[in-house]
Amino acid sequence: NGTKIKTLSTEFLRLSLGLRREFLWTFIVADVLYFYYKLGADFLREFGLLSDLRNHRIIDGLANFVTNCSKSTPSVCHNTISIISHNDEFLKILQE
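On a predicted model such as this, the values are computed, not experimentally measured, just so you know.

Draft legend 1. A look at the pairing of strand β1 (residues 7-16). For β1 and strand β2 (residues 22-30), the ladder comprises 9 bridges, and the chain directions are antiparallel. From the neighbouring strand, Phe12 faces β2, where its bridge partner is Thr26. In textbook terms, the turn of a hairpin is the stretch between consecutive antiparallel strands, and for β1 and β2 this stretch comprises 5 residues, one of which, Gly18, has a positive phi near 75°.

Draft legend 2. Region of the structure containing the packing of aromatic side chains. Under the defined criterion, the tally for this structure stands at 6 aromatic pairs. An angle of 55° between the planes, with centres 4.9 Å apart, marks the rings of Phe43 and Phe47 as tilted. One exposure class covers both Phe43 and Phe47, and it is buried. Of the aromatic side chains, those joined through ring pairs into one cluster are Phe23, Trp25, Phe27, Phe43 and Phe47.

Draft legend 3. Representation of unusual backbone geometry within the structure. Despite not being glycine, Arg20 shows a phi value in the positive range, around 70°. The class for Arg20 is exposed, based on a relative accessible area of 69%.

Draft legend 4. Summary view of the nonpolar core. Among the nonpolar cores identified, the biggest contains 14 residues, and Leu17, Phe23, Phe27, Phe43 and Leu49 are the most heavily contacted of them. For this core, the elements supplying multiple residues, two or more each, are β1, β2 and α1 (41-46). Here this core takes 3 residues from β2, the largest share from any one element. When near neighbours in sequence (up to four residues on either side) are disregarded, Leu49 contacts Leu17, Leu19, Arg21, Phe23, Phe43, Leu44, Ile58, Ile59 and Asp60.

Draft legend 5. Structural view of the sheet that holds strand β3 (residues 49-52). Sheet architecture is open: 3 strands sit in the order β3-β4-β5, paired in antiparallel fashion. In this open sheet, the two edge strands, each paired with only one partner strand, are β3 and β5 (65-68). Ignoring strand direction, the axes of neighbouring strands in this sheet form an average angle of 20°. Taken together, the 4 bridges between strand β4 (residues 57-60) and β5 define a ladder with antiparallel strand orientation. Each bridged residue has a counterpart across the sheet, and for Ile58 the counterpart in β5 is Thr67.

Draft legend 6. Expanded view of the confidence of the model for the protein chain. Per-residue pLDDT for the protein chain has a mean of 75; in total, 68% of the residues score no lower than 70. A low-confidence stretch, residues 73-86 stays under pLDDT 50, and its non-local contacts, those more than four residues away or across chains, total 33 contacts.

Rules and cut-offs
- Residues numbered from 1 in each chain as written.
- Predicted model: local features only at pLDDT ≥ 70, side-chain atom pairs only at ≥ 80, totals over all residues.
- Heavy atoms only, no water.
- Pairing = 2+ DSSP bridges.
- Helix = DSSP H or I, 4+ residues; strand = E, 2+ residues; numbered from the N terminus.
- Phe/Tyr/Trp six-rings, centres within 6.5 Å; stacked < 30°, edge-to-face > 60°.
- Buried < 20%, exposed > 50% of the residue type's maximum accessible area, 1.4 Å probe, protein only.
- Core = buried A, V, L, I, M, F, W, Y, C linked by side-chain atoms within 4.5 Å.
- Contact = heavy atoms within 4.5 Å.
- Axes fitted to C-alpha atoms, helices over the stretch in contact; angles between N-to-C directions.
- pLDDT = per-residue confidence, 0-100.

What follows is the structure in structure tokens.
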């Protein structure tokens with residue numbers, strides 16, 4: 001809709017999607033009213049991942065492995081995503 005979103009910082013994180021490998025990526029922390037995870041096309045392309053929206057899953061085209069995602073939330077793979085970071089302050093913000 002063209003609305004500008006204020007970005008606060010970036011965080012370099014190790015992300016696990018339940019796909020037998022972890023993903024290192026720089027995420028943008030934005031000033032938004034509602035918190036949600038969003039993986040963009042640039043992330044999916046970089047790691048050879050495919051989003052199967054109909055069957056609610058992510059396919060790892062490089063490792064030939066699939067993980068199921070939650071149907072109840074707009075965030076990707078709600079039940080299997082984990083963020084591994086040594087920055088406890090950032091994790092507290094995400095948990096709120």
